[in-house]
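Observations on chain architecture
What follows is the residue order along each chain.
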Amino acid sequence: MRRLFQIVRVVFIAGFLGAMGASGYVAWLLLRDLPSLETLDDLRFTATSTFYTRDGIPIADLASVEDGRAIARQLVRLGEVSPAAVVAVVVSEDQRFFEHYGIDFIRLLGGLYYTLRGDLQGGSTITTQVVKNTLLRDLAFERRSISGLERKLKEFPLAVQIERRYSKEEILEMYLNVVPWGGNAQGIWAAAHAYFGKEPSELNLAEGAFLAVLLPAPNPRYLDYPSTRRRMRVLLNNMVSEGWISQADADAAWRYKLVPKGWEAAYDDSGNLKSARLVDPSVRIVPERNVRLAPYFVFEVQRYLREKIGSDKLRNQGGLRIITTLDLKMQTAAERAVAGRRLPDQAQLAMIGLEPNSGEVLAMVGARPGTEGEFNRATQAWRSPGSAIKPFTYGIALEAGWTQATTVRDSPVEYPTPQGVWRPKNFDGRFLDRPVSLRYALDRSLNLPAIRTAEAIGVQRLGDKLRSAGFRLTGNMAVLANSIGGGADITPIGLAAAYSSFVNGGYWIEPRLVLRVEDSNGRVIYQPETKKVLLWTPQVAFQIWDMLKGFVYDVPPGFRSSLAWEARIPGRIVGGKTGTSDDAVDLWFAGASRGLVATLWVGRDDHKPQRMGGVEPSSSMVNPPIWRDFIEQALRGRPAGDFPQPSGLVLANFDLLTGNDSSSGIAALFPDRQVQRTQTVVRDAPPQPTQITRPGPAIASTSAYQTIAVDRGTNCLASLETPTERLVWLQVPDSRVNDYRCN
């Protein structure tokens, strides 16, 4: 018997030692390769990105993506959380947090006891939960038992290391930012918004207690508000007994009529719950994209940043502060201007407000109010500009040495094409059958003079200018119809960028949506540069602007008003141009006033002809009043006056119709060397291009005039070697071509 006892003892000791050895080996396997705390310093949490106006007003939140799902999280400092909420979380989740060193053995045993009784309570401390949700997050999402054991064994030594490295306040701040709070809310910022729609700093004691008792099972506890309410009572009592709050504070919090989002609740005067009904649990889910203001602008910024900084930084990392160019006052003015307007049947619209020197987009309306979807007509709708293209047609003529007083015939033309003979007409089908000044032609938006001008100056030259200004030409081919808007299209934001060149010294400017992007630490990670392309000299650009002002203010002979008289704003100088494509498919007004360039487009998404009361509308009837209302409100309180005029231009008067000198005629700007537009023939030297009489009619079929290229440096006919920037295009009688042959 004694021998048997000895054998049993040996077997027991051997088994015990073997078990200890095996356990030690398993523990060694599980505890090896512990994550370094250095990684915690560099750890980047996915977080919600926020879009701001240029003045720092939040307009949208974009949830980040974590483990394949959209989550809401915004990193906050401990000082940005209500102290009442912080205390409630500490007392509820880790009552001895400020006493232990990362592991609370009393809580471990208590958590096991209550869990066995059916009341789920965690045994983890705040510190071990930081470890679980950061350093061991991958293991925390594993569901295999060995991974759960490995995670638990690794939590304890890592928790001790964290306690040695960080202060209690730093650990608590980490916890409040990483703990899941039900739904897709991660951290207390998301929880405050998900359940109460407020910032963490605004949480009161009752709301803080509610959030605290949701942990560690937030989803089921949210769905059972009566039980959660009872847990709140227990928590408030514990906070009193621990000396964190007074009994009066606890009673006031209990009487507070707390109603989490998604619930309806009624209370008696003592704060006891009389009834509670879950109405819509989905409202606590923080939307993947929460847009407060300017939705189409936000959509566009999001698309832009995907391209510029990538989806990874924008969604997978997140936590960005996106400072946009949006001006809230101007955006409000734009939305009010388009609201409730009478438009053609089934018409859509888009409006853009742009700062002409920087290209910063200050306001954007991408659709008619009430429209669903993300298709942004301000940036994605390529439409025919109609007559809004004509300032570019006349601009290349001014480049070639023509002036506002240069005359072009307003008479019929026809051109054979593979599809038949093209016989363009003016909008009203009538013509004067006589020469008219360029300014008159633009004032009345005449098609025939514009076509003749493009033919005289050169279609290719016009096409090059239009491409540089952002227009898209059909088949990338320049044709005469481009001069009146045919065979070309552009977006509303593109037209605003192109029109900026008339008032910013001659530059096409790339529209800019973002001022800068900062990461969660405030470091600037993206800041776009202003991009410009020189389209005109400052003098040519400002002459075009002078013509655009004339389109609004001139009253041509025989008419009572201008075509854009409804764009006038008392006390402000404005200029612009309407545009109506064939069959009124597209209606435009593009223009500017000091500090702002704006375009308004109206049309149908299906590109069908528009009708208004059964009648074909015109842009001069529909667009200017809306544009005016926007500009007037957007610029209210800002400096008025005109854009700065460059040197080298002077005012002179001429007859608007004939172009002849007239002291009682319209005042317009001319290059200072072209004010005297008549000259004496000088036979011993070639004439100066800037002093010639106004060119003859721009009609290709006539043999009386030729278009020639002159070197502005020598005033002689240009050669193949003449630099493009020195070319001046002139239309002169055949009899005078030899005057420019210098050799």
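Below is a summary of the structure that appears in this document. Just so it is clear, the model here is predicted, and its values are computed rather than measured.

Scanning the chain from N- to C-terminus turns up 24 helices and 28 strands. Taken across its 743 residues, the chain has 52% of its residues classed as buried. For the chain, the accessible surface area stands at approximately 33,400 Å², while carbon and sulfur atoms represent 52% of it.

Turning to the sheet that holds strand S2 (residues 58-62), a few remarks are in order. Working definition: the strands of a sheet are paired by backbone hydrogen bonds and lie parallel or antiparallel to each other. Taking strand neighbours across the sheet as the criterion, the six strands line up as S7-S2-S1-S8-S18-S19 in an open arrangement whose pairing is mixed. The outermost strands of the open sheet, each flanked by one partner alone, are strand S7 (289-291) and strand S19 (524-526). When strand polarity is set aside, the average angle formed by the axes of neighbouring strands in this sheet is 25°. Bridging between strand S1 (residues 49-52) and strand S8 (residues 321-324) involves three bridges; their strand directions are parallel. Within S8, the residue paired with Phe 51 across the bridge is Ile 322.

What follows deals with the sheet that holds strand S21 (residues 574-580). The five strands are arranged S10-S9-S23-S22-S21 in an open sheet whose pairing can be described as antiparallel. Of all the strands in the sheet, the pair left with one neighbour each is strand S10 (361-365) and S21. Within the sheet, the average angular offset between the axes of one strand and its neighbour, ignoring direction, is 10°. Pairing of strand S9 (residues 348-354) with S10, which is carried by four bridges, proceeds in the antiparallel orientation.

It is the contact of helix H5 (residues 126-133) with helix H8 (residues 168-178), at a shortest axis distance of 9 Å, that shows an interaxial angle of 50°. The pairing of H5 with H8 is recorded here as oblique in orientation. When you trace H5 past H8, the crossing you get is left-handed. Along its contact with H5, which presents Ile 126, Thr 127, Gln 129, Val 130 and Asn 133, the element H8 presents Ile 171, Leu 172, Met 174, Tyr 175 and Val 178. Taken together, the residues of the contact of H5 with H8 sort by class into seven nonpolar, three polar and no charged.

Basis of the calculations
- Residues numbered from 1 in each chain as written.
- Predicted model: local features only at pLDDT ≥ 70, side-chain atom pairs only at ≥ 80, totals over all residues.
- Heavy atoms only, no water.
- Helix = DSSP H or I, 4+ residues; strand = E, 2+ residues; numbered from the N terminus.
- Buried < 20%, exposed > 50% of the residue type's maximum accessible area, 1.4 Å probe, protein only.
- Areas by Shrake-Rupley, 256 points an atom, 1.4 Å probe, with all protein chains shown as cover.
- Pairing = 2+ DSSP bridges.
- Axes fitted to C-alpha atoms, helices over the stretch in contact; angles between N-to-C directions.
- Parallel < 35°, antiparallel > 145°, perpendicular 65-115°, else oblique.
- Left-handed = near helix turned anticlockwise from the far one by under 90°.
- Contact = heavy atoms within 4.5 Å.
- Nonpolar A, V, L, I, M, F, W, Y, C, P; charged D, E, K, R; others polar.

Any functional reading would require information beyond the geometric quantities listed.
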